[in-house]
Structures are given as C-alpha cells and as structure tokens.
2 protein chains.
Amino acid sequence: MSDAVCMVSGGLDSCVTAAVAHSRGLPLAFLHVNYGQLTAARELRAFNEIADHYQVSERFVADPTHLRKMGGSALTDPSIALPEGALDQEGIPVSYVPFRNANLLSIATSWAEVLQARFIYIGAVQEDSSGYPDCRESFFEAFNAVIEEGTKPDTSIEIVTPLIHLSKKEIVEKGVALKVPFHLTWSCYKEEEIACGLCDSCLLRLRGFQQAELHDPLPYRVSTRISVK
Amino acid sequence: MSDAVCMVSGGLDSCVTAAVAHSRGLPLAFLHVNYGQLTAARELRAFNEIADHYQVSERFVADPTHLRKMGGSALTDPSIALPEGALDQEGIPVSYVPFRNANLLSIATSWAEVLQARFIYIGAVQEDSSGYPDCRESFFEAFNAVIEEGTKPDTSIEIVTPLIHLSKKEIVEKGVALKVPFHLTWSCYKEEEIACGLCDSCLLRLRGFQQAELHDPLPYRVSTRISVK
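Residues numbered from 1 in each chain as written. Chains lettered and ligands numbered in written order. Predicted model: local features only at pLDDT ≥ 70, side-chain atom pairs only at ≥ 80, totals over all residues.

(A) Highlighting the interface of chain A and chain B. Listed per partner, the contact involves 35 residues of chain A and 35 residues of chain B. Looking at the side of chain A that touches chain B, the elements with two or more residues in it are helix H3 (66-70), helix H4 (100-115) and helix H5 (137-150) of chain A. Element by element, the count of residues in the side of chain A that touches chain B is highest for H4(A), at 10 residues. Its residues assigned to classes, the side of chain A that touches chain B comprises 17 nonpolar, 12 polar and six charged. (Contact = placed C-beta atoms within 7 Å. Helix = DSSP H or I, 4+ residues; strand = E, 2+ residues; numbered from the N terminus. Nonpolar A, V, L, I, M, F, W, Y, C, P; charged D, E, K, R; others polar.)

(B) Here's a closer look at the relation of the copies chain A and chain B. With an RMSD of 0.0 Å, the fit of chain A onto chain B corresponds to turning through 180° and sliding 0.0 Å along the axis. A rotation of that kind, with that shift, is consistent with a two-fold axis. When C-alpha positions in chain A are compared against the rotation axis, the closest is assigned to A:Pro64, at 2.5 Å. Most of the interface of chain A is mirrored in chain B, where 100% of its interface residues again form contacts. (Least-squares fit on C-alpha atoms with pLDDT ≥ 70 in both.)

(C) Representation of the environment of A:Thr161 in the model. Residue and element names in this part refer to chain A. Along the chain, Thr161 falls in the loop between strand E5 (158-160) and helix H6 (168-177). The class of Thr161 is buried, set by 21 C-beta atoms lying within 10 Å. Sequence-wise, Thr161 and Thr17 are 144 residues apart; in three dimensions their C-alpha atoms are separated by 7.9 Å. (Buried ≥ 20, exposed ≤ 12 C-beta atoms within 10 Å, placed from the backbone.)

(D) Inspection of the sheet that holds strand E3 (residues 59-62) of chain A at higher detail. Residues and elements named next belong to chain A. If you trace the five strands from one edge of the open sheet to the other, you get E3-E2-E1-E4-E5, paired in parallel fashion. Among the strands making up the open sheet, the edge pair consists of E3 and E5. Along the sheet, successive strands turn relative to each other by an average axial angle of 25°, direction set aside. Sheet topology note: the strand E1 (residues 4-7)/strand E2 (residues 28-33) ladder contains four bridges and is parallel. Bridge assignment links Met7 to a residue of E2, and that residue is Leu31. (Pairing = 2+ DSSP bridges. Axes fitted to C-alpha atoms, helices over the stretch in contact; angles between N-to-C directions.)

(E) Spatial organisation of the confidence of the model for chain A. Mean pLDDT over chain A: 90, with 93% of residues reaching 70 or higher. The ipTM value of the predicted complex is 0.88, and its pTM value is 0.90. (pLDDT = per-residue confidence, 0-100.)

(F) Just helix H2 (residues 40-53) of chain A, in detail. Residue and element names in this part refer to chain A. Under the 1.5 Å per step criterion, the end-to-end length of H2 is 20 Å for 14 residues, consistent within 8% with the ideal 20 Å. Those residues of H2 lying buried are Glu43, Ala46, Phe47, Ile50 and Ala51. One side of H2 carries all its buried residues, which in axial view fall inside an arc of 130°. Those residues of H2 that are buried are in contact with helix H1 (12-23), E2 and E3. Phi turns positive one or two residues past the end of H2, at Gln55, with a value near 55°. (Expected span 1.5 Å × (residues − 1). Arc of directions from axis to C-beta.)

(G) Just unusual backbone geometry, in detail. If you check the backbone angles, A:Phe99 has positive phi at about 60° while not being a glycine. Counting through the fold element by element, A:Phe99 comes out in the loop between H3 and H4.

Put into structure tokens, the structure is as follows:
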C-alpha cells in the first residue's frame, strides 16, 4: 500500500518534494511522466536513481506522447529555440507546455485512485518559477476541487505542494536539511551529459545554490556567476 | 482556424454532440482518445467515418496508454468481467476508468490552447448515464475553473456539454433532428463486429431508441426488447 504518489521529474524541486514526503513517513509511489521533453532520457535516469536512493519499488512511467505531437512549446518542439540567459523576462516563456500540469495531475490522480493513495506530492513552485500559469497555488486548489468532483465517493486524494511558496534558495536549504541526493538530480532543459548552465532551468538552479552559498555538485558547461537579484 | 475541439469517441452521444457544434456553424477539430479500451479499433473507425461525414480535416488521435497500464477498470483490464444486463444497479460500475474524463479534458485543453480554439464540446450525460462521477455537471464546472487558472492569460476555453441533462431518448430525438449518421457510430463496450446488445452501453442505447420509438440501424447479436422504466 502506498499513501503518497510523488511526481518525480528527476529535477531538484521534485527530489526535495519526495524527500519531504519521505520525511513524513508516508509509503511512497513514484510517478514519472515522459511527455517528449528534449532531455527525457536523462530525466528518466534521474528518476530511477532517486527512486533507488529512497528504496521506492512502486514506480510508474507514463508516456503521454500527445503533448509532444501537439507541440506549442520549446520543450517539446525542436524548431522553437530555447532562450538562454533570459531569466526575469515578462510574460509566459516559450518553454510553457500548454496545460502540462493538468495532464500530469490527471495521470497522477488516476494512479492514486487505483492505488488508493491519499496524497499526490508535486514540487511546483509559484514565486521563483518561470511564470507558468499551471504552477500557481490557485491552479492546484482548483484541481483539488476537480478531484473531489471527479473520483469515486469513497476516494479521497489531496494534492500537496510543499514547495509552492519557497524560493530556489529555500528549496536548496530544505534539501540540505533533508539530505537530498542533489548529485542524482537533473534540471537542464537542453543537455543530457553536462548541464548547459544557460537555459532558464539551469539559471534558476544555479542562482538558488549561489544564494544559499552552497556548491551545486552537478558539472556545468558554462558556470559563470550570475547576477543575484 | 478551429473554434471548437469536439471529443469524438465514436459513440452515439459524441456524434450528436459534434452535430450540435456543427449546427452552430463553428469550425471544428475532432479529438479521439484511445486509452486502451477493448473496442479501440472499432471506435477509431467510427471516429474517422464521422469526421469524414462532417468533412473535418483537423483531427488528432491521442494515445495515453497509461490508463490501460494502470488498469482498475473493466474497460481496460480484460481480467475484470464486464457486467451484462446490469442497468440501474447501485454504485459506481466496474467499467468506471479512474478519473478518465479529466485525462481526456486535459488533452483536449492542451490541444485547444495550441489551436487557439474557444470551446471544447464533450457528449457527457449526467442523468441517464452509468453513474460515473466524472460525467456530472459539477465536474465540468470545476474543470472549467482549472482551465481558467492553468492556461495562459490570453487563452479563453470553455467546456460545453450540450447533452448533460438529456435522457438517452432525448439524445436520439436530437440526433434525428440534426440528421446524425447513427449508422456510423459505435457504442458497444465488448464487440467490434456486431454489437453485443447486453453491456451497459448497448442497453442504454437500445433503451433510448426504444423510448424514442425509433429503430437503431446497428446490428445486434442480442436485441430482445428491454424493460422500459
């Protein structure tokens, strides 16, 4: 029996989130979703290594290829260029995958209902994220209402977002406190061998470690210090 | 440009729903979802024949295989027997696919956002359906709130459920009024050549035609008259 389905992309935030669920003593099930992102193979490796670390045997890898086939995002369509060094720009970034998190949470809820799990842990971050609309607390509150309406009467599943109001710095610090295996995680949107150090995801991660005055154990192709705001 | 994404399973309800959207003069896009249901090949054929009928060229077939891999339903797991002649039983039927409609609507919303469509038409029926929790109007209202929260600020997509409060009899009558090609649709959960006439879906459909005092053009293996309540 698993009490909590953890969504584990393999990135820093999802690993710290899994560590939070683990620290609460919940029997865990790990869910990974390959939606055609460019670094899918590297992320799947990170997922399995993190699952090994926490000794989670209940694992599910979903492959909703429709998000790739539909396109509409720089994460899934190679013809749309990923920006470099573009943190703090206005508007929704081109890496936004249309309504991605609703697809991911629907998969997680279906699995949680089959497993009779009570919680879904997801490492979404509202404040210090890239401005994706489906990463805001109000989105998850609305989705909890959909779960309440759309599942069996005796099903009770709640989405838990332990990082939602943390900064990247605070996430790194929480990870340190929970002994998170940072070296097993992968955040880069572009590369699979050595992180690029230039995409939004690398920049956010590097800034978080820098602000926490800690060293990121991952190797980077470019790792110049970035301006801390 | 498509204004309305129509979810077309290939069944009676989805075909009447597409006819409603067509009658409103909306440029249409047809979405079919193969989630591993036993009659997937027959339903896909119905989808394409209905799309041909309405001359819809914008088509998308999504294949979220995770619902099949997770199981938990008689529609996706051959080891769970489908009931026969079991209409009007209490509780959620074993054909319930956990949180299926949220998965389907998430796919539809992603596609609608890519297409910049304004509406998603779905042929859900609350009253005369099989008691699925994710077919109730309150579920779709909750999902509309998730779309509002989880898509770009300039995206405006609304789920439309023109059949939600109709009985099967009324759906058949509406289909007649809209000249729906009933002969192209497929409703049976079990068979792909000749409809079984015994599963919930066949029984509901047969009862609808019977109450409307009309002949269903599909051939049935068993087509004894059923008691009309």
